[in-house]
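# Geometric and topological summary
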Amino acid sequence: MWSNHINYHCCMRTHQLVLAWIENELSDGRLTLGGRLPAERTLAEQLAVSRTSVREAIRILEAMGVVRAGVGSGPDAGTVVIADPTAALGAALRLHVATQHLPVADIVQTRVLLESWAVSAARPEAAELDNAASLLAAMDHADLPSADYLALDVRFHLALADAAGNAVVSAMMGSLRESIQGYAARLTANLPDWKATAARLTAEHRAILEAIKSDDGGLAAQLITAHIEGYYNEAGAHSE
């Protein structure tokens, strides 16, 4: 039996009523990860709103990475609660960066704050560090195109963040990295010698990883701060 005890605000738009109801169900544990929302018609009747309002609310939740809506019949049909905050946060950050509402320099500074904390808190025995080592080995090829290198670089930094075991930091890191990945790639055109830069970055990656595995979080934080700021300074990010 679906609860409907929210005291809805009289001036709330109808799709917001649906969002508020779903938020309440999640907060109170009546909806959980993997659970399904009532059918569109059922939910519309229960909340006394139009099916259009229900569909609008579900589209918003899909964009936020909270639900996945399936069509037709079978095991994939219906609207299922999922958890994918990185996609939504990343999309929002990319749009705000594109409008120049959020200066890239501020995003880079936020990334430094998050990553320096993450590597200082990373567990030396974390399985994610084995993944980071594999990615580092893949980056250690002189003929690797810059786009491929930077894609591996993104995954390497995310693996280090995941090793800290903080789901919120991991989600924020994924979003920040995604929002500036294209910008970082464009900056490679400003570098006098990409191969030399890639070799230096790889050596810095290795030193950061070794510091984490040696349980020296303070050194790892210093190294990753210099690593991130060094790349953007070399590429002239602050002069654009």
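Above this text you will find the structure in question.
Figured I'd write up the structure that's included with this text. Computed from a predicted structure; not experimentally measured. (Residues numbered from 1 in each chain as written. Predicted model: local features only at pLDDT ≥ 70, side-chain atom pairs only at ≥ 80, totals over all residues. Heavy atoms only, no water.)

### With respect to the overall build of the protein
When helices and strands are counted, the protein shows 10 helices and two strands. When its helices and strands are written in sequence order, the protein yields α-α-α-β-β-α-α-α-α-α-α-α. The burial tally for the protein puts 40% of its 240 residues in the buried class. A separation of at least 24 residues holds for 68% of the contacts in the protein among residues at least 6 apart in sequence. When the accessible area of the protein is evaluated, it comes to approximately 12,600 Å², of which 55% is carbon and sulfur surface. (Helix = DSSP H or I, 4+ residues; strand = E, 2+ residues; numbered from the N terminus. Buried < 20%, exposed > 50% of the residue type's maximum accessible area, 1.4 Å probe, protein only. Contact = heavy atoms within 4.5 Å. Areas by Shrake-Rupley, 256 points an atom, 1.4 Å probe, with all protein chains shown as cover.)

### Brief notes about unusual backbone geometry
The residue Ala 48 is not glycine, and still its phi comes out positive at about 60 degrees. With respect to the helices, strands and loops of the structure, Ala 48 is situated in the loop between α2 (40–47) and α3 (51–63). Judged by relative accessible area, which is 71%, Ala 48 ranks as exposed. For Asp 215, which is not glycine, the phi torsion reads 60 degrees and is therefore positive.

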